[in-house]
Amino acid sequence: MQPNLFEQEYRIHYYEIDYKKRVLVTSLMNYLDDVATSQSEKLGVGIDYLREHKLAWMLYKWDINIHRYPVFGEKVRVRTAPHSFYKFFAYRCFEILSHKGEKLVDAKSQWLFVDTVKKRPIKIPREMYEIYGVGVDNSLEIEDAAAPSLIDVEKEFRVRYSDIDTNRHVNNVKYAAWAIESVPLEIVLNCTLTNLKVTYKKETTYGKNIKTLTQIIRQGENTTCLHSIVDENKNELCLLESKWAKTPLF
């Protein structure tokens, strides 16, 4: 059985870019979330179906590689397909392609299938295998984001209404935005983010105060930033690992 492939076209808007006219990594992540949701909607197992059956897909891990950033006005094709299921885990792969077919971004993700009433993972039912075209039980190796061992930068944020998603907790992309906000400006201006790993640990909700704790590791002309996002009780919510290359990607 061949997993169902799904694709949508996006145009890079002005409000999605940085000062170099390149799309923001958070905008790229929004495309990935959107195309996965759109596929589920098309297959009849989207937001309303999940809500009615008290189910949800909870994102657990990202591993995103950026080869070239599309720029303002450029059109891209965002493609996704389930890779496999294993017990209560689902694995999904993504690509973002230029209009010429150049691979701009590739990403792997891991999701938990959750009972929203009991608030715990449940085994993915056989009908989901058939709907998504998944024929095998298999896992996909996705490394955990590394935790910081010391703290160079600390920033505090408060969860806003606009941070909340349809599951009534903070949208997964917001954690990446909080992490990147803690990266020193000289790195952001002089380097390019080429890889982002995220491991989600615990959800948080509206009105909570959170902190991003970041370690800066310089390796020649490249930099790795290790981020831990914690709540006011010091519970770890998310780990992120961002890699920055000295040579800009255009």
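Draft legend 1. The overall build of the protein chain, seen in detail. Across its full length, the protein chain carries five helices and 11 strands. By its C-alpha atoms, the protein chain is 50 × 50 × 30 Å across when sized along the principal axes. Contacts spanning at least 24 positions in sequence make up 72% of the contacts within the protein chain whose residues lie at least 6 apart. Summed over its atoms, the accessible surface of the protein chain is roughly 12,800 Å², and 50% of this surface lies on carbon and sulfur atoms.

Draft legend 2. Expanded view of the packing of aromatic side chains. For the structure shown, the criterion picks out 16 aromatic pairs. Plain terms: the ring middles of tyrosine 60 and phenylalanine 89 are 6.0 Å apart, the flat faces sit at 20° to each other, and that makes the pair stacked. Of this pair, tyrosine 60 sits in strand β2 (residues 55-66) while phenylalanine 89 is found in strand β4 (residues 89-98), placing the two residues 29 residues apart along the sequence. Ring centres of tyrosine 175 and tryptophan 178 lie 5.4 Å apart, and the angle between their planes is 75°; on these two criteria the pair is classed as edge-to-face. A residue pair is termed a helical-turn pair when its members lie 3 or 4 positions apart in one helix, as tyrosine 175 and tryptophan 178 do in helix α4 (residues 172-181) at three residues. Here the two residues tyrosine 175 and tryptophan 178 agree in accessibility, since each one is buried.

Draft legend 3. Here's a closer look at the pairing of strand β5 (residues 103-115). Where burial is concerned, most of β5 is hidden: 10 out of the 13 residues are buried. Counted between consecutive antiparallel strands, the loop separating β4 from β5 contains four residues, among which glycine 101 sits at a positive phi close to 95°.

Draft legend 4. Up close: the layout of surface pockets. The calculated volume of the largest pocket comes to roughly 1,400 Å³. Listing elements by their share of the lining of the largest pocket, those giving two or more residues are α1 (25-42), α2 (47-52), β2, β3 (75-86), β4, β5, β6 (120-121) and α4. Taken together, the residues that form the lining of the largest pocket break down as 24 nonpolar, nine polar and 13 charged. Elements supplying a minimum of two residues to the lining of the second largest pocket: α1, α4, α5 (185-190) and β8 (192-200). Looking at the lining of the second largest pocket element by element, the count peaks at five residues for α4. For the lining of the second largest pocket, the per-class residue count stands at 13 nonpolar, five polar and four charged.

Draft legend 5. Quick look at the pattern of salt bridges. Overall, the coordinates contain 11 salt bridges when judged by the stated rule. Note that arginine 160 and aspartate 163 form a salt bridge whose closest N and O atoms lie 3.1 Å from each other. Residue classification places aspartate 163 among the buried residues on the basis of a relative accessible area of 0%. Through salt bridges with shared partners, one network takes in Glu7, Arg77, Arg79, Glu95 and Lys103.

Draft legend 6. Quick peek at a nonpolar patch on the surface. On the surface, a nonpolar cluster with roughly 330 Å² of combined accessible area is contributed by Tyr19, Leu185 and Leu189. Residue class for leucine 189 comes out partly exposed when judged on its relative accessible area of 37%.

Draft legend 7. Representation of unusual backbone geometry in the model. A positive phi angle, near 55°, is found at lysine 54, a position not held by glycine. Mapped onto the fold, lysine 54 is located in the loop between α2 and β2. The backbone of lysine 119 shows a phi angle near 55°, a positive value even though the residue is not glycine. Tracing the backbone through its elements, the reader meets lysine 119 in the loop between β5 and β6.

Basis of the calculations
Residues numbered from 1 in each chain as written. Predicted model: local features only at pLDDT ≥ 70, side-chain atom pairs only at ≥ 80, totals over all residues. Heavy atoms only, no water. Helix = DSSP H or I, 4+ residues; strand = E, 2+ residues; numbered from the N terminus. Contact = heavy atoms within 4.5 Å. Areas by Shrake-Rupley, 256 points an atom, 1.4 Å probe, with all protein chains shown as cover. Phe/Tyr/Trp six-rings, centres within 6.5 Å; stacked < 30°, edge-to-face > 60°. Buried < 20%, exposed > 50% of the residue type's maximum accessible area, 1.4 Å probe, protein only. Pairing = 2+ DSSP bridges. 1 Å grid on protein atoms, 1.4 Å probe; cavity = no way out; pocket = protein on both sides within 12 Å on 5 of 7 lines; lining within 4 Å. Points joined across faces, edges and corners; volume = space filled by probe spheres on them. Nonpolar A, V, L, I, M, F, W, Y, C, P; charged D, E, K, R; others polar. Salt bridge = Lys/Arg side-chain N within 4 Å of Asp/Glu carboxyl O. Patch = residues over 30% accessible without salt bridge, like charges linked within 9 Å, V, L, I, M, F, W, Y side chains within 5 Å.

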